[in-house]
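Structural characterization, general
So the chains spell out like this:
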Amino acid sequence: MNETRPLILIVDDNATNIDLLVNTLRPEYRLGIAKKGATALEYAEKYHPDLILLDIMMPEMDGYEVCTRLKNTPLTEGIPVIFITAMSETVNKTKGFDLGAVDYITKPFHAAEVKARVQAHLAMALMKSELRSQNALLEQMVQKKTVEIQDMLQGIISSMALMVEIRDPYTAGHQQRVAQLACAIADRMGLPPERVEGLRIAALLHDVGKIRIPVSILNRTGKLLDAEMEIIKIHPQISFDILQNIPFPWPCTRMVVEHHERLDGRGYPHGLHGDEILLESKILSVADVAEAKSSFRPYRPAQGIEAALNELRQQRGTLYDSAAVDACLELFAGGRFRFELPQQEAVRHVPSLLSHPHEQIE
Ligand SMILES: [Fe+2]
Ligand SMILES: [Fe+2]
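Cut-offs applied
- Residues numbered from 1 in each chain as written.
- Chains lettered and ligands numbered in written order.
- Predicted model: local features only at pLDDT ≥ 70, side-chain atom pairs only at ≥ 80, totals over all residues.
- Buried ≥ 20, exposed ≤ 12 C-beta atoms within 10 Å, placed from the backbone.
- Helix = DSSP H or I, 4+ residues; strand = E, 2+ residues; numbered from the N terminus.
- Pairing = 2+ DSSP bridges.
- Arc of directions from axis to C-beta.

On to the pairing of strand β3 (residues 51-55). Taking burial as the measure, the five residues of β3 include five buried ones, the bulk of the element. Residues of β3 alternate between two faces, with Leu51, Leu53 and Asp55 on one and Ile52 and Leu54 on the opposite face, all of them buried. Alignment of strand β1 (residues 7-11) against β3, held across four bridges, turns out to be parallel. Pairing of Ile10 across the sheet is with Leu53, part of β3. Bridge analysis of β3 against strand β4 (residues 81-86) gives four bridges, and the strand direction is parallel. Within the sheet, the bridge partner assigned to Leu54 lies in β4 and is Phe83.

This paragraph deals with helix α3 (residues 63-71). Every buried residue belonging to α3 is among Gly63, Tyr64, Val66, Cys67 and Leu70, and all of these are buried. Viewed end-on, α3 has its buried residues packed into an arc of 160 degrees, placing them on one side of the element.

Our focus in this paragraph is unusual backbone geometry. For the bond from Lys107 to Pro108, the omega torsion is -5 degrees, close enough to zero to count as cis. For the peptide bond that leads from Tyr268 to Pro269, omega is 10 degrees, which places it in the cis range. Residues other than glycine seldom take positive phi values, yet His48 does so here, at roughly 45 degrees. Mapped onto the elements, His48 comes out in the loop between α2 (37-47) and β3. Taking the number of C-beta atoms within 10 Å as the measure of exposure, His48 has 13 and is therefore partly exposed. One non-glycine residue, Glu60, lies in the positive phi region at around 65 degrees. With respect to the element layout, Glu60 can be found in the loop between β3 and α3. Given 9 C-beta atoms within a 10 Å radius, Glu60 is considered exposed.

Below you can see the structure in the form of structure tokens.
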């Protein structure tokens, strides 16, 4: 016997009806029989038939109740149900459809009609199941490709960050450290994960525009001349220009170009004020200042995180976004945050550390 034949459950309290259906369907299908609703439910859960022929008028539990329970049970909800009704029975046929049945057959049965309807609904169920499998397969493929693309994007971002840091070893790791802190601040402020991810990407690349700044200026010890400072100030715009053709799903280019803007309008390159600056850019500024101030620069020694946090405290609400500063202070309070990436070893070998307080070039 071919056990791959579809299994059909016949649910009817009338032996004559059962015999008629069995005789009609037996040659092509495996059959299960239940004379009561409760038995039908047990059978369906245990053997998961491919289709159920369900009589409406039955004692104890009628067909409507059986259908409702089948559709409310995850194991059986997908099994197509065909109601069986007698022409003389004054039943509401649309109620069966409302409960999730796919069709109905009227008594007395016509063998050809029963076969045709059963066959049609089995074919439809098979197609649905194949479609589900194909969808699941496609979803898997999409997920795999998404992971590949994300890995590639991550690799490209790391390479771009490295290109700048190779020229400017004193700030090596700066962008990664800023990204870590910016994400922690955003997270603490309650930004949704997808926005935090956009901020992470922007933070990892925010200083790529420094590639246009001569190494002699980047690595210069001592106070920068005004003209040199003006050159430094072009780097957010260059970062923007480098990244503008990448179709990020987040406003990353806006974040990088705004990372030196300040609430009072005295930032650069555009001198934006308050709400003209994107929230993520404001967070990036806070993380950038906290990291850069606490780290070594050729023109000054590392000032330590406390000095950096003091600067943020003092300029809270005037230069830096209050909520972002508060979140940053809370993170460092009690050692809740620590940079994962240590500062570059190279800084130890720089001979003369000057402590001229001048504008930051982070
Ligand atoms: Fe920076
Ligand atoms: Fe910068």
